[in-house]
Amino acid sequence: MFYSRVLSKTLKVSEPATLTFYCRGVILLDECLLYIEESLAHVSLARAGDDPSLQRLSKILNTGVLFESLKRRAADMRKNVKGTAVELVSIQKMAAVISETQQANHHDIADLTCRRLADVHQNMERSMAHLDVMKSLLGGA
């Protein structure tokens, strides 16, 4: 739910319940992740050197560990985004199958309705023929 609200604000969409909306969200996440991965590729950490204050600051910040952690999280996020993209493709395929099934059902219903209308028309023609016979018998023609 949180993801939907954030994504709807980011993409400026009022109705977040469509498959297209989530596909655009995954594309946006993929682009952001690509930007993060490219940024991580260009990062180089400087050594603390001999200055005790820089060594202490480096020890407090623990930049090496944070950098490696960020790289692992970016790799995990890449896996999640790829998995989500695969799931969306599967959902799109299922939606297409459901749509085709619904179209086939509508076609069958329309065909059945046409056949019933044809039957009604034939019955009405027979009734008209019977009515003509009754008129001629009763009219004495």
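Residues numbered from 1 in each chain as written. Predicted model: local features only at pLDDT ≥ 70, side-chain atom pairs only at ≥ 80, totals over all residues. Heavy atoms only, no water.

So, on to the overall build of the protein chain. Across its full length, the protein chain holds four helices and zero strands. Starting at the N terminus and walking to the C terminus, you meet the elements of the protein chain as α-α-α-α. Counting only residues that meet the buried cut, the protein chain has 11% of its 141 residues in that class. In the protein chain, the share of contacts with a sequence separation of at least 24, taken over all contacts with a separation of at least 6, comes to 53%. Element-wise, carbon and sulfur atoms account for 62% of the exposed surface of the protein chain, whose accessible area totals about 11,700 Å². (Helix = DSSP H or I, 4+ residues; strand = E, 2+ residues; numbered from the N terminus. Buried < 20%, exposed > 50% of the residue type's maximum accessible area, 1.4 Å probe, protein only. Contact = heavy atoms within 4.5 Å. Areas by Shrake-Rupley, 256 points an atom, 1.4 Å probe, with all protein chains shown as cover.)

Checked against the element boundaries, arginine 78 lands in helix 4 (residues 63–139). Arginine 78 sits in the buried class, given a relative accessible area of 15%. If near-sequence neighbours (up to four positions away) are discounted, arginine 78 is found in contact with Asp30, Leu33, Leu34 and Glu37.

Bringing the nonpolar core into the picture now. Grouped together as the largest cluster of nonpolar side chains are eight residues: Cys23, Val26, Leu33, Leu40, Phe67, Ala74, Val81 and Leu88. Looking at this core, the elements with two or more residues in it are helix 2 (19–41) and helix 4. Beyond its immediate chain neighbours, meaning those up to four positions away, leucine 40 contacts Phe67, Leu70, Lys71 and Ala74. (Core = buried A, V, L, I, M, F, W, Y, C linked by side-chain atoms within 4.5 Å.)

This next bit is on the layout of surface pockets. Within this model, the largest pocket holds a volume of roughly 240 Å³. Residues that form the lining of the largest pocket fall into these classes: six nonpolar, two polar and one charged. (1 Å grid on protein atoms, 1.4 Å probe; cavity = no way out; pocket = protein on both sides within 12 Å on 5 of 7 lines; lining within 4 Å. Points joined across faces, edges and corners; volume = space filled by probe spheres on them. Nonpolar A, V, L, I, M, F, W, Y, C, P; charged D, E, K, R; others polar.)

This part is about the confidence of the model for the protein chain. Chain-level pLDDT for the protein chain is 84 on average; 87% of the residues reach the 70-or-more range. By mean pLDDT, the top-scoring element of the protein chain is helix 4 (91), and the lowest-scoring one is helix 1 (residues 2–11) (55). (pLDDT = per-residue confidence, 0-100.)

On to unusual backbone geometry, then. Trans peptide bonds make up most of the peptide bonds, and negative phi angles are found at most residues other than glycine. We note that asparagine 62 has phi near 55°; this positive angle belongs to a residue other than glycine. Inspection of the secondary structure puts asparagine 62 in the loop between helix 3 (52–61) and helix 4. Here asparagine 62 falls in the partly exposed class, since its relative accessible area comes to 37%.

Further remarks concern the environment of phenylalanine 67. Within the fold, phenylalanine 67 resides in helix 4. Given the relative accessible area of 14%, phenylalanine 67 is considered buried. Look past the residues within four positions of phenylalanine 67 in its chain and what remains in contact with it is Leu40, Val43 and Leu45.

A word on helix 2. Taking 1.5 Å of rise per residue, the 23 residues of helix 2 would be expected to cover 33 Å, and the 33 Å separating its terminal C-alpha atoms lies within 8% of that figure. Phe21, Cys23, Gly25, Val26, Leu33 and Leu40 are the residues of helix 2 that are buried. (Expected span 1.5 Å × (residues − 1).)

Describing an aromatic ring pair means giving the distance of the ring centres and the angle of the ring planes. Under the defined criterion, the tally for this structure stands at one aromatic pair. Considering the side-chain rings of phenylalanine 21 and tyrosine 22, the 5.0 Å spacing of their centres and the 80° angle between planes classify their relative orientation as edge-to-face. (Phe/Tyr/Trp six-rings, centres within 6.5 Å; stacked < 30°, edge-to-face > 60°.)

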